[in-house]
Amino acid sequence: MNFNRSFDKLRSWHLVFFLLMPCQTVVFAQETAAPDTSRQNAIRLFTDCQVCDMNYIREEMPYVNYVRDVREAQVYLLVTRQSTGSGGEYYTLFYRGLGQFDGMRDTLTYQASPDDTSDKIRQGLTNTIGLGLVRYVMKTPSGNNLSLSYSNAATQRPVQVVDRWNYWVFELQTQPRFSLEKSVESYSLSNYVSADRVTPDWKIQFGFNHSYSKNVYIRERKNSETGEMEEIRTEAVRSSWSASNLTVRSISDHWSAGARAGASSSTFSNIKFKAYLSAALEYNLFPYSQSTRRQLRTQYSIGYTFNQYIDTTIYDKMYDRLFGHSVNMAYRVQDKWGSANFSLGYSAYLHDLTKNRIEINGNVRLRIFKGLSLSVNGGAAFIHNQIELVKGNVTEEDLYLRLRALQTGYSYEGSLGLTYTFGSIYNNVVNPRFGN
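Every chain is numbered on its own, with residues counted from 1 as its sequence reads. Residues qualify for local features only when their pLDDT is at least 70, as the model is predicted, and side-chain atom pairs are given and counted only at 80 or more; totals for whole chains, interfaces and linings, by contrast, use all residues. Excluded from the side-chain calculation are hydrogens and water; included are all heavy atoms of the structure.

Asker: Can you walk me through unusual backbone geometry in this structure?
Answerer: What you tend to see is this: most non-glycine residues have negative phi, and most peptide bonds are trans. A positive phi angle is found at Asn-166, which is not glycine, with a value near 55°. Classification of residues uses two cut-offs on accessible area relative to the type maximum, computed with a 1.4 Å probe and protein chains only: under 20% is buried, over 50% is exposed, and between them is partly exposed. On the basis of relative accessibility, which here comes to 40%, the residue Asn-166 falls in the partly exposed class. Here the phi dihedral of Asp-316 falls at roughly 60°; this positive angle occurs in a residue that is not glycine.

Below, the structure written as structure tokens:
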């Protein structure tokens, strides 16, 4: 009886299995069907863009093959972004033909206003990308499928725009935060105010920052006299504020002159009050119009600083009047092989040139060969100008809670990243299910 029942159950499972087999076969046949050949003659595009919505671009421009390796591409597209004086975004699109399109280059721009939504920005940017690709697509069989449309909005009588703010842009920001646990309580408040005016000839920026943080560490211990448990609370408080102004005058496509002024206070740096004023001159080897793609800037500044300290410094001073100067160099390049950023800075007090600081920073991102990329980041600082350090021994609270700056002669940092991808060179499919 049990044997017959088991046999009937086994026969039922076999029946279900054979009924499902055709369905599985059909699904497998569908998945292994001949690939879609609609993009067989489409141009192969490599997009070097850190701010683009690539899923949206793939959906809106299905007449392009999006490849993962620049060496497989027929067109290399570099998209860079800069902030405008009004708080908007200015995109520059550099096209470079490769292979059969070698020698074909173009540059387009797209500007988004600060009120534009992210959807409007990606629509405008995608449309501009498509316009730049037309000359390449028209040299392929896919060009026969393109059509031209024209909006007559530009033929309408232009309306004169009156800027009642005279190019001034203001920003206000506040951010209170808190975090509560059994043994740690954290409270912080940060405020920010800015006023900027940017024109082709002038760049004027005012800013104010304020920050306050308080961490309370709670632990229990047994009272030796009463034998009862008591709560011990240790507080760590840091506060700072700063006000700054930068004024820059454009002299030519390579030269600029400017001035900085400001005031600040910081419990961490033992600064009760600080005021400074400096003048600077900057030269860019490349025209400023190419700054999103490459720049080599050298800047020299000289100025005066007044420091009033919270506690007596290691030089037995409660205030300082200082003259100093600095030289800074910055190099940046971004191309199809990757990108590189390097900076070198030197600053010193004129009354004692041994009190100086040298900083070196850099990062490189390289596409070595198909699918393999390398990124290297590093920095070093040689510090000999800590004249504001507090005199006296360092307490455990200062050391572990970082309540004040500590004496040091150097700092180093670095990182290394290696990425290798392989498989299909194409990256055309968009599938948003379950997020990224």
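Asker: Is there a simple way to explain the sheet that holds strand E13 (residues 319-335) in this structure?
Answerer: The strands that make up a sheet are held in pairs by hydrogen bonds between backbone atoms, and each pair lies either parallel or antiparallel. Reading across the sheet, the 12 strands line up as E6-E7-E8-E9-E10-E11-E12-E13-E14-E15-E16-E17 and stay open at both edges, with antiparallel pairing between neighbours. Looking at which strands have only one partner, the edges of the open sheet turn out to be strand E6 (168-180) and strand E17 (410-420). Here the strands of the sheet are splayed against their neighbours by 10° on average, with no regard to which way each runs. Each pair of strands is called paired provided DSSP finds at least two bridges between the two strands. Counting from the N terminus, the helices are DSSP H or I runs at least four residues long and the strands are E runs at least two residues long. Axis definition: a line fit to C-alpha positions, over the contact stretch in the case of helices; interaxial angles, taken between N-to-C directions, run 0 to 180 degrees.

Asker: In this structure, what is going on with the side chain of Gln-299? I would like to understand it.
Answerer: Looking at the element boundaries, Gln-299 is found in strand E12 (residues 294-309). Separated by 3.0 Å, the side chains of Gln-299 and Glu-282 make a polar contact. Contacts were defined at the residue level, with two residues in contact if any of their heavy atoms lie within 4.5 Å. Excluding residues that lie within four positions of it along the chain, Gln-299 makes contacts with Arg-260, Ala-280, Leu-281, Glu-282, Ser-326, Val-327 and Asn-328. N or O atoms within 3.5 Å of each other form a polar contact, as long as, within protein, one can give a hydrogen and the other can take it, and as long as residues adjacent in sequence are counted only when both atoms are side-chain atoms.

Asker: What should I look at first to understand helix H3 (residues 118-137) in this one?
Answerer: Spacing of three or four residues puts side chains on the same side of an α-helix, whose turn is 3.6 residues. Here H3 spans 27 Å end to end across 20 residues, near enough to the 28 Å set by a 1.5 Å rise per residue. Taken together, the buried positions of H3 are occupied by Ile-121, Gly-124, Leu-125, Thr-126, Thr-128, Ile-129, Gly-130, Gly-132, Leu-133, Tyr-136 and Val-137. Each element contacted by the buried residues of H3 is listed here: strand E1 (44-48), helix H2 (54-60), strand E3 (75-83), strand E4 (89-97) and strand E5 (105-112). Expected span of a helix: the number of residues minus one, times 1.5 Å.

Asker: I tried to follow the pattern of salt bridges on my own but got confused; where do I start?
Answerer: Side chains that carry opposite charge are capable of pairing whenever their charged atoms lie near each other. We define a salt bridge as a contact between a side-chain nitrogen of Lys or Arg and a carboxyl oxygen of Asp or Glu at a distance within 4 Å. According to the stated counting rule, one finds 18 salt bridges in the structure shown. Between Arg-365 and Asp-48 there is a salt bridge whose closest N-O contact spans 3.8 Å. Separated by 317 residues along the polypeptide, Arg-365 in strand E15 (residues 352-369) and Asp-48 in strand E1 bring together distant segments of the chain. Linked through salt bridges whose partners overlap, the residues forming this network are Asp-48, Arg-365 and Arg-367.

Asker: Looking at this model, I keep getting lost on the packing of aromatic side chains. Mind explaining?
Answerer: Where two aromatic rings form a pair, the distance of their centres and the angle of their planes describe that pair. In this analysis, rings of Phe, Tyr and Trp, with Trp reduced to its six-membered ring, are considered paired at centre separations within 6.5 Å, and the interplanar angle assigns stacked below 30 degrees, edge-to-face beyond 60, and tilted for intermediate values. Counting across every chain of the model gives 13 aromatic pairs. Geometrically, the ring pair formed by Phe-46 and Tyr-76 is stacked, given 6.2 Å between the ring centres and 15° between the ring planes. Here Phe-46 is found in strand E1, whereas its partner Tyr-76 is found in strand E3, with 30 residues between them in sequence. Across the pair, Tyr-76 and Phe-46 agree in class, each one buried. Ring geometry for Phe-101 and Tyr-136: centres 5.5 Å apart, planes at 75°, overall edge-to-face. Taken together, the residues span a long stretch of sequence, with Phe-101 in the loop between E4 and E5 and Tyr-136 in helix H3 at a distance of 35 residues. Side by side, Phe-101 and Tyr-136 carry an identical accessibility label, which is buried.

Asker: What is the right way to look at the environment of Arg-71 in this model?
Answerer: You can see Arg-71 is positioned in the loop between strand E2 (65-66) and E3. Assessed through its relative accessible area of 47%, Arg-71 is described here as partly exposed. When the C-alpha atoms of Arg-71 and Lys-336 are compared, they prove to be 9.3 Å apart, with 265 residues separating the residues in sequence. Discounting residues that sit within four places of it in the chain, Arg-71 has contacts with Arg-367, Ile-368, Phe-369 and Lys-370. At 2.8 Å, the side chain of Arg-71 and the backbone oxygen of Ile-368 are in polar contact.

Asker: What am I meant to see in the sheet that holds E3 here?
Answerer: The strand order across the open sheet formed by 5 strands is E2-E1-E3-E4-E5, and the pairing between neighbours is mixed. Pairing within the sheet leaves two strands with one partner each, and these edge strands are E2 and E5. By the bridge criterion, 4 bridges tie E1 to E3 in an arrangement that is parallel. Directly across from Asp-48, in E3, lies its bridge partner Leu-78.

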